[in-house]
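Spelled out from the first residue to the last, the chains are:
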Amino acid sequence: MLSNTRFSTATSNATTSAKPHSQTQSASDISSPLIQDEGDNKVLKLRFDVSQYAPEEIVVKTVDNKLLVHAKHEEKSDTKSVYREYNREFLLPKGCNPELIKSSLSKDGVLTVDAPLPPQALTAGETMIPIAHN
């Protein structure tokens, strides 16, 4: 009798917002947002480890002011079934143009998403709080 074993990886949903980072991003810091200067412009760089998925199983899209990364893998044979799913949501800064966002997939399975930031994106909603000196 053949047994039908099912393996699965838990689906994870994460919502993150952009915060400027001054240090360089390392491989262990892959899921942290990074804002880099590119000439006179600033670019939000996001990296996602999707090494367990084939390129055709990965979808990157924007809905309103959110960037969505979704990947899904299904594998079935007579003796087992494998199902993996990856979901990430990232809240884009106000004024970010979704048509200018670019993504690329490295050979080692790291998806990089670059979103050019408008100049006001880093200071929008910012209010300076005076410090009282007693």
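Quick notes on the rules
- Residues numbered from 1 in each chain as written.
- Predicted model: local features only at pLDDT ≥ 70, side-chain atom pairs only at ≥ 80, totals over all residues.
- Heavy atoms only, no water.
- Helix = DSSP H or I, 4+ residues; strand = E, 2+ residues; numbered from the N terminus.
- Buried < 20%, exposed > 50% of the residue type's maximum accessible area, 1.4 Å probe, protein only.
- Contact = heavy atoms within 4.5 Å.
- Areas by Shrake-Rupley, 256 points an atom, 1.4 Å probe, with all protein chains shown as cover.
- Core = buried A, V, L, I, M, F, W, Y, C linked by side-chain atoms within 4.5 Å.
- Phe/Tyr/Trp six-rings, centres within 6.5 Å; stacked < 30°, edge-to-face > 60°.
- Lys NZ or Arg CZ within 6 Å of the ring centre and 35° of its normal.
- Salt bridge = Lys/Arg side-chain N within 4 Å of Asp/Glu carboxyl O.
- Pairing = 2+ DSSP bridges.
- Axes fitted to C-alpha atoms, helices over the stretch in contact; angles between N-to-C directions.

Looking up the protein in an unreviewed UniProt entry gives the name Heat shock protein, with the organism given as Anopheles darlingi.

### Observations regarding the overall build of the protein
If you tally the helices and strands in the protein, you get zero helices and nine strands. The order of α-helices and β-strands along the protein, N terminus first, is β-β-β-β-β-β-β-β-β. Looking at the protein as a whole, 31% of its 134 residues are labelled buried. Excluding contacts between residues fewer than 6 apart, the proportion of contacts in the protein whose partners are at least 24 apart in sequence is 52%. A total accessible area of about 9,500 Å² is found for the protein, and carbon and sulfur atoms account for 50% of it.

### Some thoughts on the nonpolar core
Core analysis: the largest hydrophobic core is formed by 19 residues, its most contacted members being L44, F48 and L67. For this core, the secondary-structure elements that each account for two or more residues are β4 (41-49), β6 (66-76), β7 (80-91) and β9 (110-117). Sort the elements by how many residues they give to this core and β9 lands first, with four residues. Sequence-distant contacts of L67, defined by excluding residues within four places in its chain, comprise L46, F48, V60, K61, T62, R88, E89, F90, L92 and V113.

### Considerations on the packing of aromatic side chains
Tallied over the entire structure, the rule returns one aromatic pair. The residue whose ring lies beneath R84 is Y53, and the NZ or CZ to ring-centre distance is 5.8 Å. Of note, R88 hangs over the ring of Y86, and the distance from its end group to the ring centre comes to 4.3 Å.

### Concerning unusual backbone geometry
Here the phi dihedral of D64 falls at roughly 55°; this positive angle occurs in a residue that is not glycine. Here D64 shows up in the loop between β5 (58-63) and β6.

### A look at the pattern of salt bridges
If you walk through the whole model with that rule in mind, you get two salt bridges. The salt bridge involving K45 is made with D114; its shortest N-O contact spans 2.9 Å. A residue pair is termed long-range when its members are at least 10 positions apart, and K45 in strand β4 and D114 in strand β9 qualify at 69 residues. A residue is classified by how much of its surface remains accessible, and D114, at 23% relative accessible area, is partly exposed.

### Remarks on the sheet that holds strand β8 (residues 102-105)
On the basis of which strands lie adjacent, the open sheet formed by four strands has the order β3-β4-β9-β8 and antiparallel pairing. Single-partner strands in this sheet number two, and they are β3 (34-38) and β8. Strand-to-strand, the axes of this sheet are offset by a mean angle of 25°, without reference to chain direction. With four bridges connecting them, β8 and β9 associate as antiparallel partners. From the neighbouring strand, L105 faces β9, where its bridge partner is L111.

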